[in-house]
Each structure stands twice: as C-alpha cells, then as structure tokens.
Amino acid sequence: MIDISLYLQRIQLAGPVQQTLEGLTQLQKRHVTRIPFENLDILRGIPISLQTDALFDKLVNRQRGGVCYELNGLFSELLRRTGFDAHLVAATVNRGDGQWGTEGSHATNLVHLEERQYLVDVGFGGNSPRRPVPMTGEEIRDADGFYRIRPYPELRNEYVLEKKEDRDWTILYRFSPEPKPLADFSRVCDVTQYAPESPFNKVHFLMKVTDNGRITLYDRSLTVVDGLHKTKETIEARRIDEILDRFLAP
C-alpha cells in the first residue's frame, strides 16, 4: 500500500503537494534527482514486479532505483494520488542513425494541468528532464540543455521529445498520447529483463540526475556532467561497490 507521506520523505519533499505547475515541477525534480535509474535486479536475476505495492517497497521502503516501468509506474500513482490528472504513455527510443528501439518499450507520463498537457518523465536515465515539458512546442530550459516536444510527421498522432545540449536538437524518443495501464508494459518489461538483445541484462546501467547535470555508469565507464564540465573515466572492478553506494545514496 502506498503511503504518500513516506513517498514524499523518500524524495525529500515537504507536503502537501499543490496541484499547480510549480507543485508538479517540484515533484518531478525531487523524484528524478533522488531516485536513480538502475538495473541491479536485472543483473542479479531478480524479476521485476509491476505491482504497485512491490514498486513502493523497492523504491521507497528499500530506497532503491529501477528502470522506467518501475520509476514512471510508481510516479504515475503518486501523481494521481496527489490530485493530478495523469496517465502513462508508451514511447519508442531513438537509437540514432535512423534506428529505433523496440516499439513502445519506454514508459512515461502525460499530465493534463491548467488546460495544457505536459510530458513528465522521471525514468529516462541521465536525459530525464527535471521539469515538465509542454506539448505546445515551447522550449524548456533545464540545467544541462533545452527540451521541447513537436509533432512527428511520419506517424499520425505521434510526437517526439527532443533535447539540445550544444547547438543541435536530438530526438530522444517518439510517443503517442494514448493512455496505457502499467500492465500493458509487462511484455516489453520482460524483453528488457530477459531478451538476448537487451543491453540491460549484461552490464551495469545506472544513471542519476543531479541538480546541475548527471552521473552515468555504463559497464565500467563513469561519466559525470556538472554544468558545462564533463569528466569520463574507467572504473576498476574493486571500485564498483563504492560507485553503487554513491548512486543509491538518498
């Protein structure tokens, strides 16, 4: 059972939550900077549960992170239970060079607020926005770049989330606004966990958004972005536990 007060404590946010854009922004920023994207259970062969109680126990009681179905799945419950008009949607990740990932394999949220719709994503790793992104095409400035949403002309009723860090806009993913229950992601969640082609069941894949940038551990490569400063190093095996503790720290 979800305890809203414990959930807010987990993301270090004092309640009550206001059903305003400012209140929504606070929820998103606190969530994405306190709860990391991580695939430790997948690497350890521990099946992911998409049941609300199990998600709450993992992310809140045990202070873990998770993959998008867990992060955005539980966050969607938090949004609704704090008074927001929110629903999950399915997105398809851009792999670059004209290639797309598995269709509909990313779970994210849309929120209808004050006669506008916003994309609110806390489960896209280091590229998760810290702020809601309106469906109007308005460019939203974030700590490490800009985000915007525009229609995707190749498919009807689909949109793309784009990010600009330097000079060029890059498509992160495309999505449809059609509501999806979390249970609809069970198949793609299993693909993420068990499929031979999945990158998430082979190496560490941990990402944490910070107030000024992000920290990413992919296999043994650690990248830290702090504002305009970026460092990258290869981690020795004996330091992996130290890095994991750093990611999972509240």
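In this text, all values refer to a predicted model and were calculated from it rather than measured experimentally. (Residues numbered from 1 in each chain as written. Predicted model: local features only at pLDDT ≥ 70, side-chain atom pairs only at ≥ 80, totals over all residues. Heavy atoms only, no water.)

Engineer: Please explain the overall build of the protein chain as it appears in this structure.
Structural biologist: Within the protein chain, the regular secondary structure consists of 7 helices and 13 strands. Each principal axis of the C-alpha atoms in the protein chain carries an extent, and together these give about 50 × 45 × 35 Å. Evaluated residue by residue, the protein chain yields a buried proportion of 52% over its 250 residues. Considering only residue pairs separated by 6 or more positions, the protein chain has 54% of its internal contacts joining residues 24 or more positions apart. Total accessible area on the protein chain is roughly 12100 Å²; 47% of this is exposed by carbon and sulfur atoms. A gap of 3 Å separates the mean positions of the 33 positive and 36 negative side-chain charges of the protein chain. (Helix = DSSP H or I, 4+ residues; strand = E, 2+ residues; numbered from the N terminus. Buried < 20%, exposed > 50% of the residue type's maximum accessible area, 1.4 Å probe, protein only. Contact = heavy atoms within 4.5 Å. Areas by Shrake-Rupley, 256 points an atom, 1.4 Å probe, with all protein chains shown as cover. Lys, Arg positive; Asp, Glu negative; His and termini not counted. Charge placed at Lys NZ, Arg CZ, Asp CG, Glu CD.)

Engineer: Explain the side chain of R34 to me, please; I cannot follow it from the model alone.
Structural biologist: The residue R34 is located in helix α2 (residues 21-34) in this model. Although R34 lies buried, it forms no salt bridge, and the closest oppositely charged side chain, D211, sits 4.4 Å away as judged by the N-O distance. A distance of 2.8 Å separates the side chain of R34 from the side chain of T33, its partner in a polar contact. Every residue in contact with R34, bar those within four places of it in the chain, is listed here: R10, I11, Q12, K208 and D211. (Salt bridge = Lys/Arg side-chain N within 4 Å of Asp/Glu carboxyl O. Polar contact = N/O pair within 3.5 Å; in protein donor to acceptor, adjacent residues only side chain to side chain.)

Engineer: Teacher, can you tell me more about helix α7 (residues 240-248) here?
Structural biologist: Along an α-helix, residues three or four apart share an orientation, since each turn contains 3.6 residues. Of all the residues in α7, the buried ones are I240, I243, L244 and F247. Buried residues of α7, viewed axially, fall in a sector of 100°; they line one side. For α7, the exposed residues lying more than 90 degrees away from the buried face are D241 and D245. Its buried side turned inward, α7 meets α3 (40-43), β10 (205-209), β11 (213-218) and β12 (221-226). (Arc of directions from axis to C-beta.)

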